[in-house]
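Here is how the chains run, residue by residue.
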Amino acid sequence: MENLKTKIRDITDFPKPGINFKDITPLVQDPKTLRTCVEKLIGPYKNTQITAVAGMEARGFIFGSLVAWELGVGFIPLRKPGKLPYDVQKVDYDLEYGQASLEAHIDAVNPGDNILLIDDVLATGGTAKASCELIEMLGGNIVACAFVMELGFLNGRQQLVDYPVHTLLTY
Ligand SMILES: O=P(O)(O)OC[C@H]1O[C@H](OP(=O)(O)OP(=O)(O)O)[C@H](O)[C@@H]1O
Ligand SMILES: Nc1ncnc2[nH]cnc12
């Protein structure tokens with residue numbers, strides 16, 4: 001796992017003063033590390049009854065779609081407002097560096113879907129908690145939430161006590 005850490009770059013004061021931004025672009029640029037990362041993300045879920053993967057725009061799309069591909073299931077995009085063309089369900093939430101909303105198509109989830117939620121970073125947990133709520137509003141069951149990394153000092157896990165949480169790296 002330490003090898004994964006060498007591919008995550010710290011950018012100070014981005015996107016706002018005081019934020020130490022964890023940049024995953026070196027990781028996704030490196031095919032070997034990217035494959036290792038995706039294999040570790042899917043590890044606990046290989047022989048489970050996951051029927052779909054959901055991921056949050058934008059970085060969750062990168063890891064989420066690769067995980068969906070490897071598990072052989074479909075991908076549900078949870079998008080920033082105004083991007084989805086059909087009727088949507090929306091949730092609002094707080095971020096480490098601001099406020100945001102996510103939307104999903106009202107028919108994105110099949111009844112009884114067992115969904116694995118994937119994102120790159122668990123920070124305050126606001127995005128993930130809102131995403132779980134959005135999936136549940138649409139009739140899905142969250143099996144687990146998996147992240148490349150968690151920022152432990154922001155206690156995001158406290159927002160996700162109702163769900164199994166799996167992270168590859170902790171800062
Ligand atoms: O745990 P939280 O405090 O909610 O923060 C984590 C979220 O913040 C980042 O996304 P961001 O909204 O910056 O969007 P991006 O992927 O488009 O950069 C990250 O990719 C997570 O989705
Ligand atoms: N510090 C951080 N670095 C990268 N993504 C984030 N999402 C929320 N906080 C973040």
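Identification of the chain as Adenine phosphoribosyltransferase from Methylophaga thiooxydans DMS010 is taken from an unreviewed UniProt entry. Here the chain is described in UniProt, under the heading Pathway (unreviewed entry), as follows: "Purine metabolism; AMP biosynthesis via salvage pathway; AMP from adenine: step 1/1." Heading Function (unreviewed entry) of the UniProt record for the chain holds this comment: "Catalyzes a salvage reaction resulting in the formation of AMP, that is energically less costly than de novo synthesis."

Caption draft 1: Inspection of the packing of aromatic side chains at higher detail. Going through the model one piece at a time under the given rule, you end up with two aromatic pairs. An angle of 85° between the planes, with centres 5.8 Å apart, marks the rings of phenylalanine 61 and phenylalanine 75 as edge-to-face. Residue phenylalanine 61 is located in helix H4 (residues 59-71), and its partner phenylalanine 75 is located in strand E4 (residues 74-78); the two are separated by 14 residues in the primary sequence. Classification of phenylalanine 61 by relative accessible area gives partly exposed; the value is 21%. Across the ring face of tyrosine 171, the terminal group of lysine 5 is positioned such that the distance to the ring centre comes to 4.5 Å. Sitting over the ring of tyrosine 171, lysine 22 keeps its end group 3.8 Å from the ring centre.

Caption draft 2: Inspection of the side chain of glutamate 103 at higher detail. On the secondary structure map, glutamate 103 appears in strand E6 (residues 98-105). For the buried residue glutamate 103, which engages in no salt bridge, the nearest side chain bearing the opposite charge is lysine 90, 4.6 Å off. At 3.2 Å, the side chain of glutamate 103 forms a polar contact with the backbone nitrogen of glycine 82. For glutamate 103, the contacting residues outside a window of four places in its chain are Pro77, Leu78, Arg79, Lys80, Pro81, Gly82, Leu84, Val88, Gln89, Lys90 and Leu134.

Caption draft 3: The site of ligand 1, seen in detail. Taken together, 16 residues surround ligand 1, and among them Tyr97, Asp119, Asp120, Thr124 and Thr127 come closest. Between alanine 58 and ligand 1, the recorded distance is 2.9 Å, taken from a backbone N or O atom to an oxygen atom. Aspartate 120 is positioned with one of its side-chain polar atoms (N or O) 2.6 Å from an oxygen atom of ligand 1. Against a free-state accessible area of 500 Å², the protein chains account for coverage of 88% of ligand 1. Taken together, the elements giving at least two residues each to the shell around ligand 1 come down to strand E7 (114-122) and helix H5 (126-137). Here the shell around ligand 1 takes four residues from E7, the largest share from any one element. Partitioned by chemical class, the residues of the shell around ligand 1 number six nonpolar, four polar and six charged.

Caption draft 4: Quick look at helix H3 (residues 31-42). Between its first and last C-alpha atoms H3 spans 17 Å; for twelve residues at 1.5 Å apiece the expected length is 16 Å, and the two agree. Residues of H3 that are buried include every one of Thr33, Leu34, Cys37, Val38, Leu41 and Ile42, and no others. Along the axis of H3, the buried residues cluster in a sector spanning 165°; they form a single face.

Caption draft 5: Layout of the site of ligand 2. Taken together, Asn20, Phe21, Lys22, Arg59, Glu96, Tyr97, Val121, Ala123 and Leu151 make up the full set of residues near ligand 2. Asparagine 20 places a polar main-chain atom, nitrogen or oxygen, 3.1 Å from a nitrogen atom of ligand 2. For ligand 2, whose unbound accessible area comes to 260 Å², protein coverage reaches 95%. Structurally, ligand 2 is housed in the largest pocket. Top contributing element to the shell around ligand 2 by residue count: strand E2 (residues 20-23), with three residues.

Quick notes on the rules
Residues numbered from 1 in each chain as written. Chains lettered and ligands numbered in written order. Predicted model: local features only at pLDDT ≥ 70, side-chain atom pairs only at ≥ 80, totals over all residues. Heavy atoms only, no water. UniProt positions renumbered as here; feature names shortened; annotations may be inferred. Phe/Tyr/Trp six-rings, centres within 6.5 Å; stacked < 30°, edge-to-face > 60°. Helix = DSSP H or I, 4+ residues; strand = E, 2+ residues; numbered from the N terminus. Buried < 20%, exposed > 50% of the residue type's maximum accessible area, 1.4 Å probe, protein only. Lys NZ or Arg CZ within 6 Å of the ring centre and 35° of its normal. Lys, Arg positive; Asp, Glu negative; His and termini not counted. Salt bridge = Lys/Arg side-chain N within 4 Å of Asp/Glu carboxyl O. Polar contact = N/O pair within 3.5 Å; in protein donor to acceptor, adjacent residues only side chain to side chain. Contact = heavy atoms within 4.5 Å. Near = heavy atom within 4 Å. Areas by Shrake-Rupley, 256 points an atom, 1.4 Å probe, with all protein chains shown as cover. Nonpolar A, V, L, I, M, F, W, Y, C, P; charged D, E, K, R; others polar. Expected span 1.5 Å × (residues − 1). Arc of directions from axis to C-beta. 1 Å grid on protein atoms, 1.4 Å probe; cavity = no way out; pocket = protein on both sides within 12 Å on 5 of 7 lines; lining within 4 Å. Sits in = over half its atoms within 2 Å of the grid points.

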